Amino acid sequence: MKKNLITVLLLLFIASPALAARTDINIDNLNQEDFKSFSRDFGMALSYIPLSPAAPLGDKLPGFDAGVEASYVKLDKSRTYYSKMTDIVATTTSGAGDLPNAIILPRVHVQIGLPIIPIDLGVSYASVPSSDIKLVGYELKYALMSGNIALPAIAVRGAYTKLSGLTALDISTKSLDLSISKGILIFTPYAGAGEVWITSDPHATLTALTLLQKEDIRKGKFFVGTKVKIFPFVNLVLEGDFSNIKEYSARLNINF
């Protein structure tokens, strides 16, 4: 692929400022069905990744968790929209190249557990250097059962993500999931399932072959993971999320 091109699926790489400065996508050649398929895949890739067990962070005192994480997203290159989308152009020179079938999405992730009330609040953030492209996520998790030596923790989570800074479209997601976890020595395995609602709103362009309409998409997913205590106050979290795409994530965090 030419150095002056990156693709839509590389938007969230930690790229050099020279490449990232004018990054955008081209959806002009897509019909409505292509746009819906692209929005479903791209939206699920951008949806909120829990990367935490169901147990609340707080107890009688507040809890705190902060770390860095990255997600590897496997995408299907056989989708029709792949053959129709051009590469993202970062300079005035245009060209063609192959679209990748995977991306890596790095983020920072902070969570705060309230005292007494089993509620956790969280925020995640990713950006492309030297551009306006940002992905922000928010979560509110309520533990229906906090868990103990004998019983697991059970929690319900609501989350929201929004990708901003693109001229081609606005895309955001809302999600609701139910999860369960149980600590076993240094391991806390967890699993959950939920629904994701994707809103993808294209911006009209003069060169578009068809006038694309906004898509509102609902998609189910499930996830499994484990939290591993590797040092006092330091944890490694591994998670897999499964829907129309497969997403694998890792998080290194401090927790107290």
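Along each chain, the written sequence defines residue order, and numbers are assigned to residues from 1. Reporting in this predicted model follows two pLDDT cut-offs: at least 70 for local features of residues, and 80 or more for side-chain atom pairs to be given and counted; totals over whole chains, interfaces and linings ignore these cut-offs and use all residues. In computing side-chain values, all of the structure's heavy atoms are included and hydrogens and water are not.

Right, let's talk about the layout of surface pockets for a bit. A cavity, in this analysis, means grid points on a 1 Å lattice covering only the protein atoms where a 1.4 Å probe fits yet has no way out; a pocket is instead an open set bounded by protein on both sides within 12 Å along at least five of seven lines, and a residue lines either one if it has an atom within 4 Å of a point. Grid points are joined across faces, edges and corners, and a volume is the space filled by probe spheres set on the points. Volume-wise, the largest pocket comes out at about 620 Å³. Around the largest pocket sit 32 residues that line it, and A55, P56, T188, K227 and N255 are the ones nearest its centre. Classification convention: Asp, Glu, Lys, Arg as charged; Ala, Val, Leu, Ile, Met, Phe, Trp, Tyr, Cys, Pro as nonpolar; all other residues, Gly among them, as polar. Of the residues belonging to the lining of the largest pocket, the class tally is 14 nonpolar, ten polar and eight charged.

Side-chain atoms within 4.5 Å link the members of a nonpolar core, which is a set of buried Ala, Val, Leu, Ile, Met, Phe, Trp, Tyr and Cys residues. Relative accessible area decides the class of each residue, using a 1.4 Å probe on protein chains only: under 20% of the type maximum gives buried, over 50% gives exposed, and in between gives partly exposed. By size, the foremost hydrophobic cluster in this structure holds 30 residues, and its most contacted members are I25, I27, F38, L163, L169 and I171. Elements represented by at least two residues in this core include exactly α2 (32-46), α3 (80-84), β4 (102-113), β8 (169-181) and β9 (187-202). Numbering of helices and strands runs from the N terminus; a helix is a DSSP stretch of H or I covering at least four residues, while a strand is a stretch of E covering at least two. Tallying contributions element by element places α2 first for this core, with six residues. The contact rule is simple, with two residues in contact once any of their heavy atoms fall within 4.5 Å. Among all residues touching I171, those that are not within four sequence positions of it are S39, F42, G43, L46, K162, L163, I198, T199 and S200.

Right, let's talk about the side chain of N255 for a bit. With respect to the helices and strands, the residue N255 is situated in strand β12 (residues 246-255). Every residue in contact with N255, bar those within four places of it in the chain, is listed here: L57, F64, D65, K227, F233 and N235.

Once that is clear, we can look at the confidence of the model for the chain. Close inspection of predicted coordinates is inappropriate for parts of the model with low pLDDT. The pLDDT score gives, residue by residue, the confidence of the prediction method on a 0 to 100 scale. Averaged over the chain, the pLDDT score is 82; the fraction of residues at 70 or greater is 80%. Segment residues 1-22: pLDDT under 50, and 69 contacts once partners within four positions in sequence are set aside and those in other chains are kept. With pLDDT under 50 throughout, residues 87-98 is counted as low confidence; its partners more than four residues away or in other chains account for 33 contacts.

Turning next to the sheet that holds β4. Strand pairing is assigned whenever DSSP identifies at least 2 bridges connecting the two strands. Ordered by their spatial adjacency, ten strands build a closed barrel running β2-β4-β5-β6-β7-β8-β9-β10-β11-β12, and the pairing between neighbours is antiparallel. Neighbouring strand axes in the sheet, compared pairwise and without regard to direction, differ in orientation by 20° on average. Relative to β12, strand β2 (residues 63-74) runs antiparallel, the two being bridged by ten bridges. Within β12, the position partnered with Y72 by the bridge is Y248. The axes used here are C-alpha line fits, helices contributing only the stretch in contact, and every angle between their N-to-C directions lies in the interval 0 to 180 degrees.

Another point: the packing of aromatic side chains. Each aromatic pair joins two rings of Phe, Tyr and Trp (for Trp, the six-membered one) with centres within 6.5 Å, and gets the label stacked for planes under 30 degrees apart, edge-to-face for over 60, and tilted for any other angle. In total, this model carries six aromatic pairs according to the counting rule given. Look at F38 and F42: their rings are 5.2 Å apart centre to centre, the planes differ by 20°, and that puts the pair in the stacked class. Linking F38 with F42, this pair stays in helix α2, spanning four residues, or about one helical turn. Side by side, F38 and F42 carry an identical accessibility label, which is buried. Geometrically, the ring pair formed by F38 and Y81 is edge-to-face, given 5.6 Å between the ring centres and 80° between the ring planes. Placement of the pair is F38 in helix α2 and Y81 in helix α3, with a sequence separation of 43 residues. Residues F38 and Y81 agree in their burial class; the two are buried. Taken together, the ring pairs in this structure connect F38, F42 and Y81 into an aromatic cluster.

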